[in-house]
Amino acid sequence: MTARTSIETVESTVREVSGWLACAAQVVAPPVLRIALAVPFFKSGLTKWDGFLSLSPAATFLFEEEFKLHIFGQAYDFPQPTAFAYLDSIAEIVLPVLLVIGFATRFSALALLVMTGVIQLVVPEGWANFHLPWAGLALAIIALGPGALSLDRLLERWPRSWEEGGT
């Protein structure tokens, strides 16, 4: 075996392993990204409910008294804090569930990206440890899509015979 043959064998093996890794990552990465983004929002959402459709007083208090929008060096109250508390609390439960099952995946990720932007306005010092990684996860999900292990993909492949009126 010559040196050239050995190098070609190593190159071929590296390409083969690299191709296998890429295929495996295309299957595994999207659900992992979806779960990684869903977990912090879902955990936050759970703290805002006292029971089924019963928003905790603490959630409303946060939007009325604690949370302020920091824009151009000024702090502003949330308009309609009760409505925002409900909207946020519902979104923090529903959107992560949609992400995990991979349904309306890109739209759910976009909504969480917008929420992350609003959270950045409320807690500006959290950008490096929380908001930037969340934004990165959301953008990756939007770019890559739901992946093979998702309800979106299953529905995409669902037989369209019923639309065509039968067979």
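Residues numbered from 1 in each chain as written. Predicted model: local features only at pLDDT ≥ 70, side-chain atom pairs only at ≥ 80, totals over all residues. Heavy atoms only, no water.

**Student:** Mind showing me how you'd approach the pairing of strand 4 (residues 74-77) here?
**Tutor:** A regular strand carries its side chains on alternate faces of the sheet. In this structure, strand 3 (residues 68-71) lies alongside strand 4, joined through four bridges in antiparallel fashion. The partner of Leu-69 across the bridge, within strand 4, is Tyr-76. Hairpin connection of strand 3 to strand 4: two residues between the antiparallel strands, including Phe-72 at a positive phi of 50°. (Pairing = 2+ DSSP bridges. Helix = DSSP H or I, 4+ residues; strand = E, 2+ residues; numbered from the N terminus.)

**Student:** Teacher, can you tell me more about the pattern of salt bridges here?
**Tutor:** Pairing of side chains with opposite charge becomes possible as their charged atoms draw close. In the structure shown here, the tally under the stated rule is four salt bridges. For the salt bridge of Lys-48 with Glu-92, the shortest nitrogen-to-oxygen distance reads 2.8 Å. Of this pair, Lys-48 sits in the loop between helix 1 (3-46) and strand 1 (49-51) while Glu-92 is found in helix 3 (residues 81-101), placing the two residues 44 residues apart along the sequence. The buried category is assigned to Glu-92, whose relative accessible area is 3%. (Salt bridge = Lys/Arg side-chain N within 4 Å of Asp/Glu carboxyl O. Buried < 20%, exposed > 50% of the residue type's maximum accessible area, 1.4 Å probe, protein only.)

**Student:** What am I meant to see in helix 1 here?
**Tutor:** Two residues of an α-helix separated by three or four positions point the same way, owing to the 3.6 residues in each turn. In a regular helix each residue adds 1.5 Å, so 44 residues correspond to 64 Å; helix 1 covers 62 Å between its end C-alpha atoms and thus fits that length. Residue Ala-25 marks the point of greatest curvature in helix 1, where the axis turns by about 35°. Listed as buried for helix 1 are Pro-30, Pro-31, Leu-33, Arg-34, Leu-37, Ala-38, Phe-41 and Gly-45. Taken together, the buried residues of helix 1 touch strand 1, helix 3, helix 4 (105-122) and helix 5 (127-144). (Expected span 1.5 Å × (residues − 1). Bend = angle between axes of the 7 residues up to and from the residue. Contact = heavy atoms within 4.5 Å.)

**Student:** Just checking my understanding: could you explain the packing of helix 4 against helix 5 for this structure?
**Tutor:** Axis angle and axis distance: for two packed helices, these are the angle between their axes and the distance between the axes, and together they describe the pair. For the pair helix 4 and helix 5, the least separation of the axes is 8 Å and the interaxial angle reads 160°. When the axes of helix 4 and helix 5 are compared, the pair comes out roughly antiparallel. Our pair here, helix 4 against helix 5, has a crossing hand that is left-handed. Judged by residue contacts, Thr-105, Arg-106, Ala-109, Leu-110, Leu-113, Thr-116, Ile-119 and Gln-120 of helix 4 engage Trp-127, His-131, Trp-134, Ala-135, Ala-138, Leu-139, Ile-141, Ile-142, Ala-143 and Leu-144 from helix 5. Of the residues belonging to the contact of helix 4 with helix 5, the class tally is 13 nonpolar, four polar and one charged. (Axes fitted to C-alpha atoms, helices over the stretch in contact; angles between N-to-C directions. Parallel < 35°, antiparallel > 145°, perpendicular 65-115°, else oblique. Left-handed = near helix turned anticlockwise from the far one by under 90°. Nonpolar A, V, L, I, M, F, W, Y, C, P; charged D, E, K, R; others polar.)

**Student:** What should I look at first to understand helix 5 in this one?
**Tutor:** What helix 5 keeps buried is the set His-131, Trp-134, Ala-135, Leu-137, Ala-138 and Ile-141. Down the axis of helix 5, the buried set is contained in an arc of 160°. They therefore lie on one face. Exposed residues pointing more than 90 degrees away from the buried face of helix 5 are listed as Asn-129, Leu-132, Ala-143 and Leu-144. Buried residues along helix 5 sit in contact with helix 1, helix 3 and helix 4. Phi turns positive one or two residues past the end of helix 5, at Gly-145, with a value near 85°. (Arc of directions from axis to C-beta.)

**Student:** Would you explain the side chain of Arg-34 in this entry?
**Tutor:** Along the polypeptide, Arg-34 turns up in helix 1. Within the buried set, Arg-34 has no salt-bridge partner at all; the shortest N-O distance to an opposite charge, 7.3 Å, is to Asp-152. Within the structure, Arg-34 has its side chain in polar contact with the backbone oxygen of Pro-146 (distance 2.4 Å). Ignoring anything within four residues of it in the chain, the contact list for Arg-34 reads Leu-99, Val-100, Ile-101, Gly-102, Thr-105, Ile-141, Pro-146, Leu-149 and Ser-150. (Lys, Arg positive; Asp, Glu negative; His and termini not counted. Polar contact = N/O pair within 3.5 Å; in protein donor to acceptor, adjacent residues only side chain to side chain.)

**Student:** Mind showing me how you'd approach unusual backbone geometry here?
**Tutor:** Glycine aside, the phi torsion of most residues is negative, and most peptide linkages are trans. The backbone of Leu-53 sits at a positive phi, close to 60°, despite the residue not being glycine. Tracing the backbone shows Leu-53 in the loop between strand 1 and strand 2 (54-55). The class of Leu-53 is exposed, set by a relative accessible area of 63%. The backbone of Gln-80 sits at a positive phi, close to 50°, despite the residue not being glycine. For Gln-80, the location among the structural elements is in the loop between strand 4 and helix 3.

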